[in-house]
Structures are given as C-alpha cells and as structure tokens.
Amino acid sequence: MDRFVIEGPTRLEGDLAVGGAKNAVLPLMAGALLSRGTSVIQNVPDLHDVRFFMTILEGLGARCSLVGGELRLDTREAEGREAAYDLVRKMRASIYVLGPLLAFQGEARVSLPGGCAWGPRPVNLHLEGLQALGAEIALDRGYIHARVPRGGLLGGRFRFEPVSVGATCNVLMAAVLARGETILENCAVEPEVTQLAVGLRDAGARIEGVGTPTLRVQGPVTIAPLRQTVIADRIEAGTFMAGVALAGGRVRLTGVDTVHVAPITAVLREMGCGITEAADELVIASEGRPVATEITTRPYPGFPTDMQAQVMAACAVADGTSFICEGIYADRFTHVAELQRLGAEIRVDGARATIFGVERLQGAPVMASDLRASAALVLAGVAAEGTTTVNRVYHIDRGYERIEDKLAGLGARIRRVSAR
Ligand code: UD1
C-alpha cells in the first residue's frame with residue numbers, strides 16, 4: 001500500500017486548477033443507465049471511485065472509457081440488474097444504480113451497503129422513496145430486491161427526512177420514468193444533485209424546481225444518453241483553501257465555482273484568511289496562525305461535512321479554542337485520534353469536538369481512515385514540523401487526483417512511496 005512522506009513545515013504558494021467533482025460524476029454515471037446509447041461526460045477526474053464505478057457499469061454490460069477527462073458510457077448492451085456485495089461494500093455510491101435499474105429494467109438486485117467507519121449509514125429513504133412510486137421492495141439475504149409493479153412505476157409524493165443527497169438522486173432517477181406526476185419534497189440542493197437534475201432535464205426529463213428543495217417530475221419520458229460537463233469540485237477547492245489556512249501562503253485556484261464554495265469561503269474568512277474572488281477563480285492568502293472558529297456541518301448551502309476534517313486540521317493550530325459540531329454524521333471523527341498523534345489537542349463529546357489550538361503540529365506516522373480524513377492529515381503534515389508519514393493513501397486516491405503532485409506544485413515537500 002502506498003504512503004505519503006511529507007517534510008514540513010512549508011507554505012503553499014502558486015496556482016492550481018481545480019478538477020471536476022467526484023460527487024457529481026458518480027450520479028451522472030448511474031444516470032447513463034436510464035437510456036440505451038453512449039453518454040458522454042466531460043471534465044471527469046481520473047479517480048479510483050470513478051474507475052470503480054466504471055467496473056460496476058461494466059458488470060452490468062456497459063462499455064466504458066475514460067480518456068483525457070472524457071468519459072464515454074455505452075449502455076446499448078447493459079442488461080444486467082445486479083450490483084453484488086463485493087462491489088457495493090467497497091463503494092457506497094454503488095447504491096446509485098438502484099433507482100435507474102429499477103426504472104429502466106423493471107427490476108434490480110443491489111447489495112445493502114452496510115455501515116462505514118463513521119457508523120451506520122441507512123438507506124431507508126432510498127427504499128421508501130422508491131416505494132412511494134409503487135416499487136415492490138424486499139430485503140433478501142443482504143440484498144435489496146426491487147421490482148416495478150404491474151403497469152410500471154407510478155408518480156407519487158415523497159418527503160425526504162432528513163435531507164439526503166443519495167436518496168434524492170436515486171429517487172429522482174426513478175421518477176423520470178414513472179407515469180404521471182411525482183413531487184419530491186425536502187430534496188437535497190447540493191450542486192452535485194442539481195447537476196444530475198440538469199443532466200436528466202437536458203436528456204429529456206421533465207423536472208421543475210431544479211436547484212430547489214421541491215422537485216416536480218412529469219413522466220414517463222424517453223431519456224437520451226447524457227451529455228454533461230462536470231462542475232468544479234468544491235471540496236477539492238475547499239481542501240486546498242484549508243491547506244492555506246493551516247500552512248500559510250497564497251494560492252490562486254482556477255476553475256472554481258465561487259458560489260458553490262461560498263459556505264467554505266465564509267468560514268475561512270472568519271478564520272482570518274484573505275479571500276478575493278473573480279468570475280471562476282479565487283485567491284486565498286493567510287499569514288500566521290488562523291483565528292479559532294465555530295462550525296456546524298449541515299446540508300448545502302450549509303458548511304459541508306466533507307470539509308469538516310480539513311477545517312479541523314486548521315483549527316488545530318488556530319489561536320484560541322474552536323468548536324465543531326457534526327450535523328450530518330455524528331461519528332465522523334476518525335481523523336481526531338490521528339491529528340492528536342501530530343500534537344493536536346481535541347476533545348470529542350458526542351457529535352461535538354472542541355479544538356484547543358496549539359502553536360504548531362509535530363510530524364509523526366499517521367493512518368488515513370477515510371477520504372476526507374486523509375486529506376486533513378496530508379494538510380496537517382505539510383504544516384507540521386518534521387516528517388509525517390500518511391499510510392493507506394488509497395483512501396485519498398479515491399477522491400483526489402494526484403494530490404501529491406498538486407501540493408508539490410504549491411511548494412509542499414511530499415512524495416509517494418509505493419509499497420513493493
Ligand atoms: C453525505 C453528505 C454529502 C457527502 C457524503 C460523503 C449531506 C446532506 N450529505 O451524502 O454531502 O458528500 O455524505 O461524505 O451533507 N439518511 C437517512 N436515510 C437514508 C439516507 C440518509 O437517514 O436513506 C441520513 C444519513 O444518516 C445522514 C443524512 O441522512 O444523517 C444525510 O445522508 P446522505 O446525504 O444520504 O448521505 P450521502 O449521500 O452519503
């Protein structure tokens with residue numbers, strides 16, 4: 001297994017182009033299953049999660065290629081209906097195939113994902129939302145077995161409680177092929193969900209309220225193969241912004257959507273970073289220690305749970321005591337014990353973390369536990385004094401394209417050591 005060896009501290013200085021958003025690509029890939037033909041998605045980052053989703057689609061009979069940021073998904077022979085445990089347990093986003101398979105093939109068998117490092121991650125809303133469209137769902141030896149009723153899916157009304165990115169995408173994909181009107185309430189409005197709705201609409205779906213919590217869908221329609229250019233990854237942008245807050249320096253991010261990163265920008269400004277924005281770029285600068293802050297993660301446009309770990313790393317060296325409340329996944333604190341190994345002073349009580357800022361972190365060997373936690377450890381390593389080794393970087397390769405090259409381009413002393 002690869003690891004990163006980082007020599008710190010260094011500042012981050014320079015320009016960086018932000019890539020396409022992983023969390024927008026995956027639902028679009030599932031959306032390709034709603035038609036027969038070749039969907040073409042541009043600005044696709046070459047990430048392990050994307051390659052893995054290609055394997056899932058190939059298992060269903062699709063032909064997939066990703067070359068130079070262009071992803072082609074040919075579903076003419078995609079007649080499979082099953083996503084097996086071995087695939088789903090490796091990537092929870094595999095559950096996105098449930099809605100499209102059910103609606104397009106009339107039947108789907110998808111493994112129940114199970115929990116993850118930060119506790120149970122239920123899929124009840126995915127199932128209840130599909131049931132509201134008439135789907136017959138049975139749980140059978142670890143699998144979700146879903147079938148359309150006689151006559152096909154029927155429009156229905158469903159309210160997501162709580163707001164769920166995954167369930168909104170899944171149920172929306174099924175609703176576009178359901179007969180009659182579907183009203184979905186309290187939908188997630190994350191930019192990645194909106195991109196899926198736009199992608200479906202461009203392909204023939206009749207969806208009103210795109211970008212708002214209430215989606216009205218009229219069906220059924222014939223969906224054409226998708227054609228989309230993936231939005232910029234707000235979490236990748238935010239990760240480098242948190243890196244500047246932590247390590248100091250000045251970085252110009254190009255190809256960002258400043259509206260999508262606004263919830264992150266607001267927090268980092270409070271932490272003392274100077275941030276200037278232009279059309280699709282942003283300059284962030286920071287000198288000295290960041291200022292302590294108080295954050296609660298919430299659904300968009302709130303502060304994203306996917307940025308909690310990286311900002312906590314910045315809080316670790318802040319001047320003062322910070323408070324972070326995890327409003328989405330109460331247990332999402334696997335990075336805390338590793339940050340403590342680097343000298344951070346953090347106390348966790350339920351979903352709340354109190355971070356007592358220290359002057360400087362000290363390098364140490366640490367273990368990456370999940371995607372964003374790993375990113376936090378890498379940033380902490382850049383700012384820490386001495387050598388930090390981040391083990392198990394496959395987690396980070398899932399969602400960041402060549403993060404070590406990007407950081408090195410900004411002056412970090414980081415190298416990948418491949419396991420023999
Ligand atoms: C969540 C994040 C998303 C992030 C992803 C990976 C939110 C709203 N979602 O998306 O931004 O990229 O994690 O880190 O911030 N829930 C149920 N029943 C369900 C589905 C979800 O109760 O069927 C609950 C979850 O336990 C959680 C909340 O709803 O408390 C949000 O979950 P959801 O948005 O579905 O999770 P992801 O799609 O994984």
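Residues numbered from 1 in each chain as written. Predicted model: local features only at pLDDT ≥ 70, side-chain atom pairs only at ≥ 80, totals over all residues. Heavy atoms only, no water.

For the rest of this paragraph, the subject is the sheet that holds strand 1 (residues 3–8). An order of 22-23-1-24 is seen for the 4 strands of this open sheet, with the pairing classed as mixed. Only two strands of the sheet have a single neighbouring strand rather than two, namely strand 22 (365–367) and strand 24 (413–417). Put simply, the sheet's adjacent strands are angled 20° from each other on average, direction ignored. When strand 1 meets strand 23 (residues 386–391), the two strands line up antiparallel, connected through 6 bridges. In the strand pairing of strand 23, Val 5 is matched with Thr 389. Along the sheet, helix 12 (residues 371–383) makes contact with strand 1, strand 22, strand 23 and strand 24, crossing strand 1 at roughly 30°. (Pairing = 2+ DSSP bridges. Helix = DSSP H or I, 4+ residues; strand = E, 2+ residues; numbered from the N terminus. Axes fitted to C-alpha atoms, helices over the stretch in contact; angles between N-to-C directions. Contact = heavy atoms within 4.5 Å.)

By nearness alone, 19 residues border the ligand, and Asn 124, Leu 125, Ser 164, Val 165 and Asp 306 come closest of all. Backbone polar atom of Leu 125 to an oxygen atom of the ligand: 2.7 Å apart, as the coordinates give it. Gly 166 is positioned with one of its backbone polar atoms (N or O) 2.9 Å from an oxygen atom of the ligand. About the coverage of the ligand: the protein hides 83% of its 710 Å² of free accessible area. For the shell around the ligand, the secondary-structure elements that each account for two or more residues are helix 5 (124–131) and helix 6 (165–175). Among the elements that make up the shell around the ligand, the one with the highest residue count is helix 5 (3 residues). (Near = heavy atom within 4 Å. Polar contact = N/O pair within 3.5 Å; in protein donor to acceptor, adjacent residues only side chain to side chain. Areas by Shrake-Rupley, 256 points an atom, 1.4 Å probe, with all protein chains shown as cover.)

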